[in-house]
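Here are the chains, one letter per residue:
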Amino acid sequence: MNAIDKLKLNDVKKKNILVIVVFPISILSALILTLIQGEQNKSLFYAAELLLILSSFIVTKFVLKKENAFKFLLVLIVYTCIISYILLFGGSISSAFILFFLLLLSTVHLTQSVFLIGYIIGMIGLYLNANLGSAAEIGVLQDNLPATLLTYVLAGFLSFILIHLNNKQFNHIEQLLIASEKETAEKENARVKLEDNVSNIIEKITTVNNRVQENIVSQTEISEAIAEVATGSTVQNERITDIAQNAQDTLQQMIHILDETKLLKSKFGKSADVAISGNGLSKDLSSNMGYFRTHIEELSESFQSLSSKINEINTFSQDIINVSQQTNLLALNASIEAARAGEAGKGFSVVADEIRKLAEMTNLTAEKITTNLQEVNTTNDFALEKMNASLLMVNDNLESTEQVNNSFSDLTDYLNELDQQFTNFESLAENVKDNSSVVDGATTDLAAIIEEASASLEEMSATVENLNRQNQLIGEEMIDTNKLAKSMVN
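Residues numbered from 1 in each chain as written. Predicted model: local features only at pLDDT ≥ 70, side-chain atom pairs only at ≥ 80, totals over all residues. Heavy atoms only, no water.

Trainee: Hey, could you run me through the overall build of the protein chain in this one?
Mentor: A tally of regular secondary structure across the protein chain gives eight helices and zero strands. The order of α-helices and β-strands along the protein chain, N terminus first, is α-α-α-α-α-α-α-α. For the protein chain, the proportion of its 490 residues judged to be buried stands at 28%. Of the accessible surface of the protein chain, which amounts to about 31500 Å², a share of 62% is contributed by carbon and sulfur atoms. (Helix = DSSP H or I, 4+ residues; strand = E, 2+ residues; numbered from the N terminus. Buried < 20%, exposed > 50% of the residue type's maximum accessible area, 1.4 Å probe, protein only. Areas by Shrake-Rupley, 256 points an atom, 1.4 Å probe, with all protein chains shown as cover.)

Trainee: Any chance you could explain helix H5 (residues 112–131) here in plain terms?
Mentor: Think of an α-helix as turning once every 3.6 residues; residues three or four places apart then point the same way. The end-to-end C-alpha separation of H5 is 29 Å, in line with the 28 Å expected for 20 residues at 1.5 Å each. All buried positions along H5 are accounted for by Val-114, Phe-115, Gly-118, Tyr-119, Gly-122, Gly-125, Leu-126, Asn-129 and Ala-130. Seen end-on, H5 carries its buried residues on one side only, within an arc spanning 130°. (Expected span 1.5 Å × (residues − 1). Arc of directions from axis to C-beta.)

Trainee: How should I be thinking about the packing of helix H2 (residues 40–63) against helix H3 (residues 67–89) in this particular structure?
Mentor: The packing of two helices is summarised by the inter-axis angle and the distance between the axes. At a minimum axis separation of 9 Å, H2 and H3 run at an interaxial angle of 170°. In terms of orientation, H2 and H3 fall into the roughly antiparallel class. When the axes of H2 and H3 are compared, the crossing they make is right-handed. Together, Asn-41, Lys-42, Phe-45, Tyr-46, Glu-49, Leu-52, Ile-53, Ser-56, Phe-57, Thr-60 and Lys-61 of H2 and Glu-67, Ala-69, Phe-70, Leu-73, Leu-74, Ile-77, Val-78, Cys-81, Ser-84, Tyr-85, Leu-88 and Phe-89 of H3 make up the contact between the two elements. Here the contact of H2 with H3 is built from residues that sort into 15 nonpolar, four polar and four charged. (Axes fitted to C-alpha atoms, helices over the stretch in contact; angles between N-to-C directions. Parallel < 35°, antiparallel > 145°, perpendicular 65-115°, else oblique. Left-handed = near helix turned anticlockwise from the far one by under 90°. Contact = heavy atoms within 4.5 Å. Nonpolar A, V, L, I, M, F, W, Y, C, P; charged D, E, K, R; others polar.)

Trainee: Teacher, can you tell me more about the packing of helix H1 (residues 3–37) against H2 here?
Mentor: Relative orientation of the contacting elements H1 and H2 amounts to 165°, with a least axis distance of 8 Å. Viewed along their axes, H1 and H2 adopt a mutual orientation that is roughly antiparallel. Relative to H2, H1 is oriented so that their crossing is left-handed. The segment H1 lies against H2, with Asn-16, Ile-17, Ile-20, Phe-23, Pro-24, Ile-27, Leu-28, Ala-30, Leu-31, Thr-34 and Leu-35 engaging Gln-40, Lys-42, Ser-43, Tyr-46, Ala-47, Glu-49, Leu-50, Ile-53, Leu-54 and Phe-57. Of the residues that constitute the contact of H1 with H2, the class distribution is 15 nonpolar, four polar and two charged.

Trainee: Please clarify how unusual backbone geometry should be interpreted in this entry.
Mentor: Outside of glycine, negative phi angles account for most residues, and trans bonds account for most peptide bonds. A positive phi is found at Lys-65, a non-glycine position, where the angle reads about 55°. By the secondary structure assignment, Lys-65 is in the loop between H2 and H3. A relative accessible area of 64% means that Lys-65 is categorised as exposed. Look at Leu-110: it is not a glycine, yet its phi comes out positive at around 55°. Position of Leu-110 among the secondary structure elements: in the loop between helix H4 (93–107) and H5.

Trainee: How do you make sense of the nonpolar core when you look at a structure like this?
Mentor: As a rule of thumb, nonpolar side chains are buried together in soluble globular proteins. Among the nonpolar cores identified, the biggest contains 33 residues, and Phe-23, Ile-53, Val-78, Tyr-79, Ile-82 and Leu-102 are the most heavily contacted of them. Elements supplying a minimum of two residues to this core: H1, H2, H3, H4, H5 and helix H7 (145–341). The element that contributes the greatest number of residues to this core is H3, accounting for 11 residues. Once residues lying within four places of it in the same chain are set aside, the contact partners of Ile-82 are Ile-98, Leu-99 and Leu-102. (Core = buried A, V, L, I, M, F, W, Y, C linked by side-chain atoms within 4.5 Å.)

Trainee: Explanation requested: the pattern of salt bridges in the structure shown.
Mentor: If charged atoms from side chains of opposite charge come close, those side chains can pair. Applying the stated rule across the entire model yields five salt bridges. Ionic pairing is found between Lys-42 and Glu-39, a salt bridge with its closest N-O pair at 3.4 Å. Of the charged contacts, one joins Glu-67 and Lys-61 as a salt bridge, the two residues approaching to 3.1 Å between their closest N and O atoms. Judged by its relative accessible area of 9%, Glu-67 falls in the buried class. Among the residues examined, Lys-61 registers a relative accessible area of 22% and is labelled partly exposed. (Salt bridge = Lys/Arg side-chain N within 4 Å of Asp/Glu carboxyl O.)

Trainee: Whenever I open this one, the environment of Ala-130 confuses me. Can you help?
Mentor: Here Ala-130 is to be found in helix H5. Residues Ala-130 and Gly-91, spaced 39 residues apart in sequence, show a C-alpha to C-alpha distance of 6.3 Å. Apart from the residues within four sequence positions on either side, Ala-130 is in contact with Ile-138, Leu-141, Gln-142 and Leu-145.

Trainee: Hey, could you run me through the environment of Asn-388 in this one?
Mentor: Structurally, Asn-388 is set in helix H8 (residues 346–489). In this structure Asn-388 comes out as partly exposed when scored by relative accessible area, which is 32%. As a C-alpha pair, Asn-388 and Glu-297 span 91 residues in sequence and 8.3 Å in three-dimensional space.

Trainee: I would appreciate a short explanation of the confidence of the model for the protein chain in the present structure.
Mentor: Low pLDDT means the predicted atomic positions in that stretch should not be read closely. Here the protein chain averages 78 in pLDDT, and 77% of its residues register 70 or above. Here H8 stands out as the least confident element of the protein chain, with mean pLDDT 72; H5 is the most confident, with 94. (pLDDT = per-residue confidence, 0-100.)

Trainee: When you look at H4 in this model, what are you seeing that I'm missing?
Mentor: Along its 15 residues, H4 runs 22 Å from first to last C-alpha, staying within 8% of the 21 Å computed at 1.5 Å per residue. Looking at H4, one finds that the buried residues are Ser-95, Ala-96, Leu-99, Leu-102, Leu-103, Leu-105, Ser-106 and Thr-107.

Trainee: I'm lost on the side chain of His-109 in this one. Help?
Mentor: Mapped onto the elements, His-109 comes out in the loop between H4 and H5. Given the relative accessible area of 7%, His-109 is considered buried. Polar side-chain contacts of His-109 include one of 2.8 Å to the side chain of Asn-16. If near-sequence neighbours (up to four positions away) are discounted, His-109 is found in contact with Lys-15, Asn-16, Val-19 and Lys-71. (Polar contact = N/O pair within 3.5 Å; in protein donor to acceptor, adjacent residues only side chain to side chain.)

Trainee: Quick question: what am I supposed to make of the packing of aromatic side chains here?
Mentor: Two descriptors summarise a pair of aromatic rings, namely the distance from one centre to the other and the angle between the planes of the rings. Counted by the stated rule, this structure contains 11 aromatic pairs. With centroids separated by 5.9 Å and ring planes inclined at 10°, the aromatic side chains of Phe-23 and Phe-101 adopt a geometry described as stacked. Of this pair, Phe-23 sits in helix H1 while Phe-101 sits in helix H4, and the two are 78 residues apart along the sequence. The structure contains a cluster of three or more aromatic residues connected by ring pairs, namely Phe-100, Phe-115, Tyr-119, Tyr-152 and Phe-160. The residue whose ring lies beneath Lys-61 is Phe-62, and the NZ or CZ to ring-centre distance is 5.7 Å. (Phe/Tyr/Trp six-rings, centres within 6.5 Å; stacked < 30°, edge-to-face > 60°. Lys NZ or Arg CZ within 6 Å of the ring centre and 35° of its normal.)

Right, here's the structure in full:
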């Protein structure tokens, strides 16, 4: 919402407050007057009108939050109430005065549409008031109707001119506000642009100042470093002699290292032979473990076949037990039949008892055989389990042997690589011995070079100090420029 809309909304709010304070007071006065006069119907009418106006104000302001709608709703309500009053209670001189008062009420908001609505309805109300007046006042109202209408028209004309002039003035103020806002926006844009430009300048000046300060610090460090290097050059020149002596000592040590390297190379050659021998033994062990695993697998297969045969014998024993049980049952039936036969069956009864005893003995023997076979089968399963565990152990040992064999192979390769490295180291030691003899001659030339470098460093140090003083002056000027730019922004 811009400033013009805010101004219009505030004007409407103030006029609504003015109307809702003044007009209900007039209605309340009329209500009190009707109550004093004992006119109950008119009192109820005024009370309803007052309640309707207050309700419309509350709804438009707090519920709908549309302040502009209240002025239209107010004009419609008050004019509808006065027309209803004339139709219900008849016209009167007081009603004519009320219509003129309502004309002023419709002019308060200075809105042409609101004024025209109230003006037209008010003219209709004056005509109805003159024709529907009471018997005592109708003559006066009709006689004065032309003058009343003329007065009403003139009052409306004046009100319209007032509204027109007010709108024209408000439009002029609106144009001034628009121009002022536009000019303010342009000035704000120019200010922001100027502030951005000055901020960029300050930022660049600050950056340059920081870099100048960094250069000052760096050049100071360079100057100090050059001074330290110049001082160190003298010390280095003094230590060149020590370097030459150390080079001689290094040459003697390299000769000793070369002799030790040859001896160590010979020992590594013997270690390589031992590793090759161990590799061969490891391969033989791996081969023997493979044969041993084959024999254990064959023995395991034999135990499995034995387990199968024992299970088959268990089946036979169960068949014997079944036969003995059937025989025992037949002997029992024969004994029963012999007992039925009496004396004639005694001999057959003895035979049946012997057969039953023989069947029982056979059953016991078969059960013992089954028990023994179960024990043998359990022992055989345990032996088979141990054989399988031994087979797993043999496989693990075989894998370990393979790993040992691989380790010996890797060790042999590693020793061969070490032998080659010792050969290379021997060659390098020979080169170092040759180079050490060259170092002695190079140290003399290095001393002369360092002496010349010291003189150059002293000249460079003087140049850097001069440059450092100039950068300090530039840095001070940049700080003053930065302060001046910041003062322009502030």
